[in-house]
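These are the residues of each chain, in order.
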Amino acid sequence: MTHPDDLLADHVDGTLSDRERAVVEAHLATCARCREEVELARAAVAALGELEEVPVPLGVTDRIVAEASATSPRKTPVASRWQWAAGLAAAAAIVAVVAVNLTGPDGSDGIRAASPEASTGAGGGGAAFAGSEIPLEDQREVNYDGDRGVLVIASEAVRAFERAVPKDGGEGPTSATLDAAGAESAPAAGAQGAARMVDPTPALRCLRRAEVPPAGSNMTLVRLIEARYLGDPVYLAVFLQSPGADQPPDRAVVWVLDRGGCAIVNFLQVTFDAIEAGTP
Amino acid sequence: MPESEPRDEDLVRAYLSGDRAAFGELVRRHERRVYNLALRMLGTEEDARDATQDAFTTAFRKLSSFRGEAAFTTWMHRVTVNACYDLLRKRRREPLLDRGGEDGERSGPEPAPVPDIADASDLSIDVRRALLQVPEDFRVVMILHDVRDLPQDEIAAILGIAVGTVKSRLHRGRVALARAMGIERERPGPRDPSDGAVPR
(Lines give C-alpha, C1' and ligand atoms only; values in the text may rest on other atoms or scores of the structure.)
Protein backbone atom coordinates (compact mmCIF):
# COMPACT_ATOMS: atom_id res chain seq x y z
CA MET A 1 0.00 0.00 0.00
CA THR A 2 1.38 3.44 -0.81
CA HIS A 3 0.70 6.22 1.61
CA PRO A 4 -0.23 9.73 0.43
CA ASP A 5 2.56 11.52 2.29
CA ASP A 6 2.20 14.60 0.11
CA LEU A 7 -1.48 14.96 1.03
CA LEU A 8 -1.45 14.23 4.73
CA ALA A 9 -0.01 17.57 5.81
CA ASP A 10 -2.76 19.42 3.94
CA HIS A 11 -5.30 17.00 5.37
CA VAL A 12 -4.25 17.94 8.89
CA ASP A 13 -4.40 21.63 7.90
CA GLY A 14 -7.79 21.21 6.26
CA THR A 15 -6.65 22.66 2.94
CA LEU A 16 -7.34 19.74 0.63
CA SER A 17 -9.69 20.03 -2.31
CA ASP A 18 -12.84 17.97 -2.12
CA ARG A 19 -11.42 15.37 -4.45
CA GLU A 20 -8.16 15.10 -2.53
CA ARG A 21 -9.98 14.84 0.76
CA ALA A 22 -12.05 11.97 -0.58
CA VAL A 23 -8.88 10.17 -1.64
CA VAL A 24 -7.27 10.65 1.77
CA GLU A 25 -10.35 9.63 3.74
CA ALA A 26 -10.69 6.50 1.68
CA HIS A 27 -7.06 5.69 2.44
CA LEU A 28 -7.37 6.46 6.13
CA ALA A 29 -10.36 4.15 6.41
CA THR A 30 -8.07 1.21 5.73
CA CYS A 31 -4.69 2.37 7.04
CA ALA A 32 -4.03 2.42 10.76
CA ARG A 33 -0.51 3.67 10.27
CA CYS A 34 -1.64 6.82 8.51
CA ARG A 35 -4.46 7.34 10.98
CA GLU A 36 -1.92 7.29 13.78
CA GLU A 37 0.37 9.63 11.88
CA VAL A 38 -2.44 12.10 11.32
CA GLU A 39 -3.14 12.22 15.05
CA LEU A 40 0.55 12.63 15.85
CA ALA A 41 0.84 15.36 13.25
CA ARG A 42 -2.12 17.23 14.72
CA ALA A 43 -0.49 17.12 18.15
CA ALA A 44 2.76 18.39 16.68
CA VAL A 45 1.03 21.32 14.99
CA ALA A 46 -0.66 22.23 18.26
CA ALA A 47 2.65 22.10 20.11
CA LEU A 48 4.45 24.18 17.51
CA GLY A 49 1.67 26.72 17.59
CA GLU A 50 2.40 27.31 21.27
CA LEU A 51 5.92 28.54 20.50
CA GLU A 52 6.13 32.27 20.88
CA GLU A 53 8.43 34.71 19.21
CA VAL A 54 11.13 35.90 21.57
CA PRO A 55 12.73 39.33 21.45
CA VAL A 56 16.20 39.64 20.02
CA PRO A 57 18.81 39.86 22.78
CA LEU A 58 20.63 43.17 23.05
CA GLY A 59 23.60 43.84 20.87
CA VAL A 60 23.28 40.97 18.42
CA THR A 61 23.21 43.12 15.32
CA ASP A 62 24.90 46.28 16.58
CA ARG A 63 28.26 45.51 15.07
CA ILE A 64 27.05 44.68 11.58
CA VAL A 65 24.81 47.74 11.50
CA ALA A 66 27.69 49.92 12.61
CA GLU A 67 29.92 48.42 9.97
CA ALA A 68 27.36 48.99 7.24
CA SER A 69 26.78 52.57 8.30
CA ALA A 70 30.40 53.58 8.55
CA THR A 71 32.51 54.99 5.80
CA SER A 72 34.48 52.16 4.31
CA PRO A 73 38.08 52.35 5.45
CA ARG A 74 40.84 52.85 2.94
CA LYS A 75 43.79 50.57 3.36
CA THR A 76 45.98 52.80 1.25
CA PRO A 77 46.92 56.41 1.86
CA VAL A 78 44.35 58.80 0.46
CA ALA A 79 45.57 60.06 -2.86
CA SER A 80 45.63 63.75 -3.55
CA ARG A 81 42.61 65.30 -5.17
CA TRP A 82 44.40 65.77 -8.46
CA GLN A 83 45.52 62.18 -8.55
CA TRP A 84 42.18 60.59 -8.06
CA ALA A 85 40.41 63.01 -10.36
CA ALA A 86 42.91 61.99 -12.99
CA GLY A 87 42.25 58.40 -12.09
CA LEU A 88 38.59 58.85 -12.88
CA ALA A 89 39.57 60.31 -16.21
CA ALA A 90 41.87 57.37 -16.79
CA ALA A 91 39.07 54.94 -16.15
CA ALA A 92 37.02 56.76 -18.75
CA ALA A 93 39.99 57.14 -21.04
CA ILE A 94 40.51 53.41 -21.37
CA VAL A 95 37.65 53.55 -23.81
CA ALA A 96 39.26 56.27 -25.89
CA VAL A 97 42.62 54.57 -25.96
CA VAL A 98 41.24 51.43 -27.51
CA ALA A 99 38.60 53.00 -29.70
CA VAL A 100 38.95 52.58 -33.39
CA ASN A 101 36.12 54.81 -34.52
CA LEU A 102 34.56 57.82 -32.95
CA THR A 103 31.52 58.76 -34.97
CA GLY A 104 28.87 61.33 -34.28
CA PRO A 105 25.45 61.24 -35.93
CA ASP A 106 26.58 63.57 -38.68
CA GLY A 107 29.70 61.52 -39.28
CA SER A 108 31.99 63.99 -37.62
CA ASP A 109 34.24 63.30 -34.72
CA GLY A 110 31.72 64.77 -32.30
CA ILE A 111 32.57 62.81 -29.19
CA ARG A 112 35.36 63.91 -26.94
CA ALA A 113 36.49 61.20 -24.60
CA ALA A 114 37.63 62.35 -21.20
CA SER A 115 41.30 63.16 -21.07
CA PRO A 116 43.44 63.85 -18.04
CA GLU A 117 44.02 67.49 -19.01
CA ALA A 118 40.34 68.16 -19.51
CA SER A 119 39.14 66.37 -16.41
CA THR A 120 41.10 67.60 -13.46
CA GLY A 121 37.87 68.94 -12.07
CA ALA A 122 35.69 66.09 -13.20
CA GLY A 123 35.88 63.97 -10.15
CA GLY A 124 35.54 66.62 -7.53
CA GLY A 125 32.65 67.82 -5.45
CA GLY A 126 29.18 66.67 -6.24
CA ALA A 127 29.33 66.64 -10.02
CA ALA A 128 26.86 63.99 -11.09
CA PHE A 129 28.85 62.71 -14.01
CA ALA A 130 31.13 63.87 -16.75
CA GLY A 131 28.49 62.51 -19.04
CA SER A 132 28.93 64.66 -22.06
CA GLU A 133 32.46 63.45 -22.47
CA ILE A 134 31.83 59.72 -22.27
CA PRO A 135 31.26 57.91 -25.56
CA LEU A 136 28.79 55.05 -25.93
CA GLU A 137 30.32 51.70 -26.80
CA ASP A 138 28.34 49.66 -29.27
CA GLN A 139 28.19 46.09 -28.00
CA ARG A 140 24.71 45.45 -29.29
CA GLU A 141 25.61 41.94 -30.35
CA VAL A 142 27.01 41.08 -26.94
CA ASN A 143 24.69 39.39 -24.46
CA TYR A 144 25.60 39.58 -20.80
CA ASP A 145 23.91 36.45 -19.60
CA GLY A 146 24.41 37.05 -15.92
CA ASP A 147 25.96 39.29 -13.37
CA ARG A 148 29.44 37.90 -13.70
CA GLY A 149 30.12 39.60 -17.01
CA VAL A 150 28.74 42.86 -15.68
CA LEU A 151 30.93 42.64 -12.59
CA VAL A 152 33.95 42.11 -14.85
CA ILE A 153 33.17 45.45 -16.49
CA ALA A 154 32.94 47.12 -13.11
CA SER A 155 36.21 45.54 -12.04
CA GLU A 156 37.92 46.78 -15.20
CA ALA A 157 36.90 50.31 -14.37
CA VAL A 158 38.25 49.94 -10.86
CA ARG A 159 41.52 48.46 -12.04
CA ALA A 160 41.99 51.21 -14.59
CA PHE A 161 41.40 53.77 -11.87
CA GLU A 162 43.78 52.13 -9.45
CA ARG A 163 46.53 51.76 -12.01
CA ALA A 164 46.31 55.48 -12.65
CA VAL A 165 46.41 56.36 -8.98
CA PRO A 166 49.60 55.05 -7.43
CA LYS A 167 49.01 53.76 -3.94
CA ASP A 168 52.26 55.04 -2.60
CA GLY A 169 51.28 58.62 -3.27
CA GLY A 170 53.87 59.06 -5.99
CA GLU A 171 53.86 61.49 -8.86
CA GLY A 172 50.62 60.50 -10.42
CA PRO A 173 49.72 59.11 -13.78
CA THR A 174 51.71 59.93 -16.84
CA SER A 175 50.53 59.46 -20.35
CA ALA A 176 52.60 56.29 -20.39
CA THR A 177 50.74 54.78 -17.48
CA LEU A 178 47.44 55.79 -19.01
CA ASP A 179 48.36 54.12 -22.27
CA ALA A 180 49.37 51.04 -20.35
CA ALA A 181 46.17 51.09 -18.35
CA GLY A 182 44.17 51.40 -21.51
CA ALA A 183 46.01 48.64 -23.31
CA GLU A 184 45.68 46.25 -20.39
CA SER A 185 42.05 46.88 -19.70
CA ALA A 186 40.64 46.77 -23.21
CA PRO A 187 36.99 45.82 -23.02
CA ALA A 188 36.99 42.05 -22.98
CA ALA A 189 33.45 41.39 -24.06
CA GLY A 190 32.69 41.33 -27.75
CA ALA A 191 36.18 42.41 -28.57
CA GLN A 192 37.26 41.04 -31.85
CA GLY A 193 39.23 44.21 -32.09
CA ALA A 194 38.02 47.27 -30.27
CA ALA A 195 34.50 48.49 -29.69
CA ARG A 196 32.77 50.92 -32.01
CA MET A 197 31.87 54.23 -30.42
CA VAL A 198 28.58 55.93 -31.15
CA ASP A 199 26.58 58.93 -30.04
CA PRO A 200 25.84 58.62 -26.34
CA THR A 201 22.91 61.04 -26.33
CA PRO A 202 20.13 58.43 -26.18
CA ALA A 203 21.93 56.62 -23.38
CA LEU A 204 22.44 59.82 -21.42
CA ARG A 205 18.80 60.69 -21.92
CA CYS A 206 17.87 57.29 -20.54
CA LEU A 207 20.02 57.86 -17.50
CA ARG A 208 18.30 61.17 -16.83
CA ARG A 209 14.85 59.62 -17.25
CA ALA A 210 15.75 56.88 -14.80
CA GLU A 211 17.23 59.49 -12.44
CA VAL A 212 20.51 57.68 -12.47
CA PRO A 213 22.67 58.44 -10.67
CA PRO A 214 20.57 59.68 -7.75
CA ALA A 215 21.34 63.21 -6.64
CA GLY A 216 24.10 63.52 -4.10
CA SER A 217 25.31 59.99 -4.60
CA ASN A 218 28.86 61.03 -5.49
CA MET A 219 29.01 58.89 -8.60
CA THR A 220 31.10 59.63 -11.67
CA LEU A 221 30.33 58.02 -14.99
CA VAL A 222 33.31 56.28 -16.53
CA ARG A 223 31.84 53.99 -19.14
CA LEU A 224 28.68 53.58 -21.18
CA ILE A 225 27.86 50.44 -23.10
CA GLU A 226 24.98 49.48 -25.32
CA ALA A 227 24.50 45.71 -25.17
CA ARG A 228 22.13 42.97 -24.14
CA TYR A 229 21.53 41.71 -20.65
CA LEU A 230 19.82 38.36 -20.29
CA GLY A 231 18.74 38.80 -23.89
CA ASP A 232 17.15 42.22 -23.50
CA PRO A 233 18.56 45.41 -25.06
CA VAL A 234 20.05 47.58 -22.33
CA TYR A 235 22.49 50.32 -21.51
CA LEU A 236 25.19 49.50 -18.99
CA ALA A 237 26.40 52.58 -17.14
CA VAL A 238 29.52 52.16 -15.04
CA PHE A 239 30.15 54.67 -12.28
CA LEU A 240 32.82 55.03 -9.69
CA GLN A 241 31.27 56.07 -6.39
CA SER A 242 32.81 57.96 -3.51
CA PRO A 243 31.62 57.60 0.06
CA GLY A 244 31.61 61.35 0.45
CA ALA A 245 31.80 64.47 -1.67
CA ASP A 246 35.50 65.14 -1.31
CA GLN A 247 36.76 61.62 -1.08
CA PRO A 248 38.23 59.26 -3.61
CA PRO A 249 35.95 56.56 -4.97
CA ASP A 250 35.82 53.25 -3.16
CA ARG A 251 33.52 51.23 -5.36
CA ALA A 252 32.23 50.75 -8.86
CA VAL A 253 28.51 50.64 -9.50
CA VAL A 254 26.89 49.43 -12.70
CA TRP A 255 23.33 50.40 -13.57
CA VAL A 256 21.57 48.26 -16.16
CA LEU A 257 18.80 50.17 -17.91
CA ASP A 258 16.27 48.77 -20.34
CA ARG A 259 16.90 50.54 -23.62
CA GLY A 260 13.24 50.88 -24.52
CA GLY A 261 11.68 52.41 -21.44
CA CYS A 262 14.80 53.30 -19.46
CA ALA A 263 13.61 51.24 -16.51
CA ILE A 264 16.26 50.10 -14.09
CA VAL A 265 16.68 46.39 -14.74
CA ASN A 266 19.50 45.76 -12.32
CA PHE A 267 22.36 47.35 -10.53
CA LEU A 268 25.47 45.85 -9.06
CA GLN A 269 28.35 47.14 -7.07
CA VAL A 270 31.83 45.98 -6.32
CA THR A 271 34.08 47.64 -3.79
CA PHE A 272 37.73 48.25 -4.42
CA ASP A 273 38.47 46.14 -1.37
CA ALA A 274 36.53 43.21 -2.76
CA ILE A 275 38.48 43.37 -6.01
CA GLU A 276 41.73 43.48 -4.09
CA ALA A 277 40.62 40.46 -2.13
CA GLY A 278 39.57 38.77 -5.33
CA THR A 279 36.04 38.27 -4.12
CA PRO A 280 33.65 40.41 -6.12
CA MET B 1 8.89 62.35 -0.15
CA PRO B 2 6.29 59.55 0.07
CA GLU B 3 4.37 59.41 3.31
CA SER B 4 4.25 55.62 3.54
CA GLU B 5 7.16 53.52 4.65
CA PRO B 6 9.67 52.53 2.00
CA ARG B 7 9.50 48.93 0.86
CA ASP B 8 12.35 46.61 1.67
CA GLU B 9 13.43 46.68 -1.97
CA ASP B 10 13.58 50.49 -1.86
CA LEU B 11 15.79 50.32 1.21
CA VAL B 12 18.12 47.94 -0.62
CA ARG B 13 18.36 50.33 -3.54
CA ALA B 14 18.86 53.27 -1.22
CA TYR B 15 21.69 51.50 0.55
CA LEU B 16 23.37 50.58 -2.72
CA SER B 17 23.06 54.19 -3.85
CA GLY B 18 25.00 55.32 -0.84
CA ASP B 19 22.39 55.74 1.90
CA ARG B 20 24.27 53.80 4.54
CA ALA B 21 21.57 54.15 7.17
CA ALA B 22 19.18 52.14 5.01
CA PHE B 23 20.86 48.86 5.90
CA GLY B 24 20.33 49.51 9.60
CA GLU B 25 16.63 50.00 8.92
CA LEU B 26 16.49 46.66 7.05
CA VAL B 27 18.15 44.96 10.00
CA ARG B 28 15.73 46.50 12.45
CA ARG B 29 12.80 45.29 10.38
CA HIS B 30 14.00 41.72 10.01
CA GLU B 31 16.19 40.84 12.97
CA ARG B 32 13.42 39.45 15.11
CA ARG B 33 12.29 37.10 12.33
CA VAL B 34 15.85 36.05 11.58
CA TYR B 35 16.77 35.49 15.21
CA ASN B 36 13.68 33.42 15.98
CA LEU B 37 14.16 31.22 12.94
CA ALA B 38 17.74 30.61 14.01
CA LEU B 39 16.70 29.96 17.61
CA ARG B 40 14.20 27.28 16.65
CA MET B 41 16.64 25.70 14.19
CA LEU B 42 19.64 25.70 16.48
CA GLY B 43 18.20 25.48 19.97
CA THR B 44 20.48 27.76 21.94
CA GLU B 45 20.61 31.51 22.31
CA GLU B 46 24.35 31.45 21.72
CA ASP B 47 24.06 29.68 18.38
CA ALA B 48 21.09 31.79 17.37
CA ARG B 49 23.11 34.93 18.02
CA ASP B 50 25.98 33.63 15.90
CA ALA B 51 23.71 32.59 13.05
CA THR B 52 21.88 35.92 13.14
CA GLN B 53 25.13 37.83 12.89
CA ASP B 54 26.34 35.56 10.09
CA ALA B 55 23.08 36.00 8.22
CA PHE B 56 23.17 39.79 8.32
CA THR B 57 26.86 39.89 7.52
CA THR B 58 26.22 37.75 4.45
CA ALA B 59 23.26 39.93 3.51
CA PHE B 60 25.43 43.03 3.80
CA ARG B 61 28.15 41.56 1.62
CA LYS B 62 25.79 40.14 -0.97
CA LEU B 63 23.25 42.93 -1.12
CA SER B 64 24.33 43.89 -4.60
CA SER B 65 23.35 40.47 -5.91
CA PHE B 66 19.85 40.73 -4.50
CA ARG B 67 17.97 41.36 -7.70
CA GLY B 68 14.51 42.12 -6.45
CA GLU B 69 12.91 39.23 -8.35
CA ALA B 70 12.01 37.50 -5.11
CA ALA B 71 10.76 39.47 -2.13
CA PHE B 72 13.49 40.66 0.16
CA THR B 73 12.01 38.58 2.99
CA THR B 74 12.27 35.42 0.89
CA TRP B 75 15.89 36.19 0.14
CA MET B 76 16.65 37.05 3.74
CA HIS B 77 15.01 33.82 4.92
CA ARG B 78 17.17 31.86 2.50
CA VAL B 79 20.31 33.58 3.75
CA THR B 80 19.27 32.80 7.34
CA VAL B 81 18.52 29.14 6.64
CA ASN B 82 21.93 28.79 4.99
CA ALA B 83 23.62 30.44 7.95
CA CYS B 84 21.88 27.94 10.24
CA TYR B 85 22.92 24.98 8.11
CA ASP B 86 26.49 26.24 8.04
CA LEU B 87 26.54 26.51 11.81
CA LEU B 88 25.05 23.06 12.24
CA ARG B 89 27.73 21.61 9.95
CA LYS B 90 30.39 23.43 11.89
CA ARG B 91 29.11 22.19 15.22
CA ARG B 92 29.11 18.64 13.94
CA ARG B 93 32.76 18.92 12.95
CA GLU B 94 33.89 20.46 16.22
CA PRO B 95 34.29 18.25 19.26
CA LEU B 96 31.23 18.72 21.39
CA LEU B 97 31.90 21.29 24.07
CA ASP B 98 29.72 21.39 27.12
CA ARG B 99 27.71 24.37 26.02
CA GLY B 100 24.60 25.19 27.99
CA GLY B 101 21.21 24.89 26.39
CA GLU B 102 18.39 27.34 26.80
CA ASP B 103 17.53 25.97 30.22
CA GLY B 104 21.08 25.34 31.27
CA GLU B 105 20.89 21.83 29.91
CA ARG B 106 22.73 20.31 27.01
CA SER B 107 20.55 20.11 23.94
CA GLY B 108 20.48 16.74 22.25
CA PRO B 109 19.79 13.93 24.68
CA GLU B 110 16.49 12.13 24.76
CA PRO B 111 13.84 14.12 26.52
CA ALA B 112 12.09 12.34 29.36
CA PRO B 113 9.18 10.46 27.84
CA VAL B 114 5.89 12.22 28.39
CA PRO B 115 2.97 9.88 28.53
CA ASP B 116 0.46 12.62 27.83
CA ILE B 117 0.24 16.32 27.25
CA ALA B 118 0.00 17.64 30.77
CA ASP B 119 1.19 21.12 31.55
CA ALA B 120 1.68 23.91 29.00
CA SER B 121 5.16 24.94 30.16
CA ASP B 122 6.41 21.36 30.16
CA LEU B 123 5.03 21.06 26.69
CA SER B 124 6.86 24.07 25.36
CA ILE B 125 10.22 22.98 26.73
CA ASP B 126 9.69 19.56 25.28
CA VAL B 127 8.75 20.82 21.84
CA ARG B 128 11.84 23.00 21.66
CA ARG B 129 14.06 20.11 22.58
CA ALA B 130 12.17 17.66 20.41
CA LEU B 131 12.57 19.97 17.43
CA LEU B 132 16.32 19.53 17.68
CA GLN B 133 15.91 15.79 17.33
CA VAL B 134 14.06 16.04 14.06
CA PRO B 135 16.30 15.97 10.96
CA GLU B 136 17.21 19.49 9.83
CA ASP B 137 15.49 19.29 6.46
CA PHE B 138 12.19 18.47 8.16
CA ARG B 139 12.83 20.85 11.04
CA VAL B 140 13.26 23.90 8.84
CA VAL B 141 10.02 23.22 6.95
CA MET B 142 8.09 22.83 10.20
CA ILE B 143 9.50 26.04 11.62
CA LEU B 144 8.73 28.03 8.50
CA HIS B 145 5.23 26.60 8.16
CA ASP B 146 3.92 25.84 11.62
CA VAL B 147 5.80 28.45 13.62
CA ARG B 148 6.29 31.25 11.08
CA ASP B 149 3.04 30.59 9.17
CA LEU B 150 4.61 31.03 5.74
CA PRO B 151 2.72 29.68 2.73
CA GLN B 152 4.03 26.52 1.14
CA ASP B 153 5.06 28.13 -2.13
CA GLU B 154 7.16 30.69 -0.31
CA ILE B 155 8.81 27.93 1.72
CA ALA B 156 9.52 26.12 -1.55
CA ALA B 157 11.13 29.30 -2.93
CA ILE B 158 13.19 29.85 0.21
CA LEU B 159 14.54 26.30 0.27
CA GLY B 160 14.77 25.77 -3.47
CA ILE B 161 12.59 22.66 -3.41
CA ALA B 162 9.29 21.65 -4.99
CA VAL B 163 6.02 22.36 -3.20
CA GLY B 164 5.28 18.61 -3.10
CA THR B 165 8.55 18.12 -1.24
CA VAL B 166 7.51 20.81 1.24
CA LYS B 167 4.27 18.93 1.88
CA SER B 168 5.85 15.56 2.47
CA ARG B 169 8.67 16.95 4.62
CA LEU B 170 6.12 18.87 6.64
CA HIS B 171 4.15 15.73 7.35
CA ARG B 172 7.17 13.59 8.12
CA GLY B 173 8.58 16.32 10.33
CA ARG B 174 5.39 16.66 12.33
CA VAL B 175 5.21 12.91 12.90
CA ALA B 176 8.85 12.78 13.94
CA LEU B 177 8.36 15.73 16.27
CA ALA B 178 5.40 14.15 18.00
CA ARG B 179 7.32 10.90 18.45
CA ALA B 180 10.31 12.81 19.82
CA MET B 181 7.98 14.41 22.32
CA GLY B 182 6.81 10.95 23.30
CA ILE B 183 3.25 11.82 22.52
CA GLU B 184 0.99 8.83 22.43
CA ARG B 185 -2.31 8.80 20.72
CA GLU B 186 -4.72 10.87 22.78
CA ARG B 187 -7.50 8.38 22.72
CA PRO B 188 -5.92 4.98 23.12
CA GLY B 189 -9.01 3.00 22.38
CA PRO B 190 -9.27 -0.65 21.51
CA ARG B 191 -6.71 -1.69 18.95
CA ASP B 192 -7.88 -0.71 15.50
CA PRO B 193 -7.89 -3.44 12.91
CA SER B 194 -5.28 -2.85 10.21
CA ASP B 195 -8.01 -3.17 7.64
CA GLY B 196 -11.74 -2.94 7.71
CA ALA B 197 -14.01 -0.26 9.01
CA VAL B 198 -12.92 2.21 11.65
CA PRO B 199 -15.52 3.22 14.25
CA ARG B 200 -16.06 6.99 13.86
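Computed from a predicted structure; not experimentally measured. (Residues numbered from 1 in each chain as written. Chains lettered and ligands numbered in written order. Predicted model: local features only at pLDDT ≥ 70, side-chain atom pairs only at ≥ 80, totals over all residues. Heavy atoms only, no water.)

A. Region of interest: the state of the cysteines. Residue and element names in this part refer to chain A. For the structure on display, the rule yields one disulfide over all chains. In this model, Cys-206 is linked to Cys-262 through a disulfide, with the two sulfur atoms separated by 1.9 Å. Across the S-S bond of Cys-206 and Cys-262 the torsion is about -90 degrees, and the bridge reads as left-handed. Here Cys-206 is found in helix 8 (residues 201–209), whereas its partner Cys-262 is found in the loop between strand 5 (251–258) and strand 6 (264–271), with 56 residues between them in sequence. The two residues Cys-206 and Cys-262 agree in class, both being buried. In this model Cys-34 remains outside any disulfide bridge; the closest cysteine sulfur is found in Cys-31, 3.6 Å from its own. (Disulfide = S-S within 2.5 Å. Helix = DSSP H or I, 4+ residues; strand = E, 2+ residues; numbered from the N terminus. Buried < 20%, exposed > 50% of the residue type's maximum accessible area, 1.4 Å probe, protein only.)

B. Up close: helix 2 (residues 21–42) of chain B. All names here are of chain B. Between its terminal C-alpha atoms helix 2 stretches 30 Å, which fits the 32 Å expected from 22 residues at 1.5 Å a residue. The sharpest bend along helix 2 reaches about 50 degrees and sits at His-30. Burial within helix 2 is extensive, with 16 of its 22 residues counted as buried. (Expected span 1.5 Å × (residues − 1). Bend = angle between axes of the 7 residues up to and from the residue.)

C. Broad picture of the interface of chain B and chain A. Opposite the 55 residues of chain B that make contact, chain A presents 59 residues. In total, chain B and chain A occlude about 5000 Å² of area from one another, counting both sides; carbon and sulfur atoms represent 59% of this. Looking only at chain B, the three residues that lose the most surface to chain A are B:Arg20, B:His171 and B:Arg174, adding up to 14% of its buried area. Viewed at the interface, chain A and chain B are joined by six salt bridges. Scanning the region where chain B abuts chain A turns up 12 residue pairs in polar contact (both at pLDDT 80 or more). Those elements giving two or more residues to the side of chain B that touches chain A turn out to be helix 1 (8–16), helix 2, helix 3 (45–62), helix 5 (120–131), helix 6 (136–147) and helix 8 (163–180) of chain B. Looking at the side of chain B that touches chain A, the element that brings in the most residues is helix 8 of chain B, giving 11 residues. Residues that form the side of chain B that touches chain A fall into these classes: 21 nonpolar, 15 polar and 19 charged. (Contact = heavy atoms within 4.5 Å. Buried area = accessible area lost by both parts, 1.4 Å probe. Salt bridge = Lys/Arg side-chain N within 4 Å of Asp/Glu carboxyl O. Polar contact = N/O pair within 3.5 Å; in protein donor to acceptor, adjacent residues only side chain to side chain. Nonpolar A, V, L, I, M, F, W, Y, C, P; charged D, E, K, R; others polar.)

D. Geometry of the pattern of salt bridges. Going through the model one piece at a time under the given rule, you end up with 26 salt bridges over all chains. Here B:Arg32 ties to A:Glu53 by a salt bridge, and the two come within 2.6 Å at their closest N and O atoms. With B:Arg32 in helix 2 and A:Glu53 in the loop between helix 3 (32–49) and helix 4 (62–69), this pair bridges two chains. Of the charged contacts in the structure, one is a salt bridge between A:Arg63 and A:Glu67, with a shortest N-O distance of 3.5 Å. Of this pair, A:Arg63 and A:Glu67 are both found in helix 4, four residues apart, which corresponds to roughly one turn of the helix. Salt bridges sharing common partners tie together B:Glu5, B:Asp8, B:Glu25, B:Arg28 and B:Arg29.

E. Layout of the confidence of the model for chain A. Taken over all residues, the pLDDT of chain A has a mean of 73, while the share at 70 or more is 65%. Under a pLDDT of 50 for its full length, residues 71–82 of chain A has, in the predicted model, 23 contacts with residues more than four places off or in other chains. (pLDDT = per-residue confidence, 0-100.)

F. Molecular detail of the environment of A:Leu40. Position of A:Leu40 relative to the elements: it lies in helix 3. With a relative accessible area of 3%, A:Leu40 lands in the buried category. C-alpha separation for the pair A:Leu40 and A:Val12, spaced 28 residues apart in sequence, amounts to 10.0 Å. Look past the residues within four positions of A:Leu40 in its chain and what remains in contact with it is B:Arg174, B:Val175, B:Ala178, B:Arg179 and B:Ile183.

G. Inspection of the side chain of A:Thr61 at higher detail. One can find A:Thr61 in the loop between helix 3 and helix 4. A relative accessible area of 6% places A:Thr61 in the buried class. In contact with A:Thr61, other than residues within four places in its own chain, are B:Val27, B:Glu31, B:Thr52 and B:Phe56.

H. Structural view of helix 2 (residues 18–30) of chain A. Residues and elements named next belong to chain A. The end-to-end C-alpha distance of helix 2, which contains 13 residues, comes to 19 Å, matching closely the 18 Å that a straight helix rising 1.5 Å per residue would cover. Turning to helix 2, its buried residues are Val-24, His-27 and Leu-28. Down the axis of helix 2, the buried side of the element spans an arc of 100 degrees, and every buried residue falls inside it. Opposite the buried face of helix 2, by more than 90 degrees, sit the exposed residues Asp-18, Arg-19 and Ala-26. (Arc of directions from axis to C-beta.)

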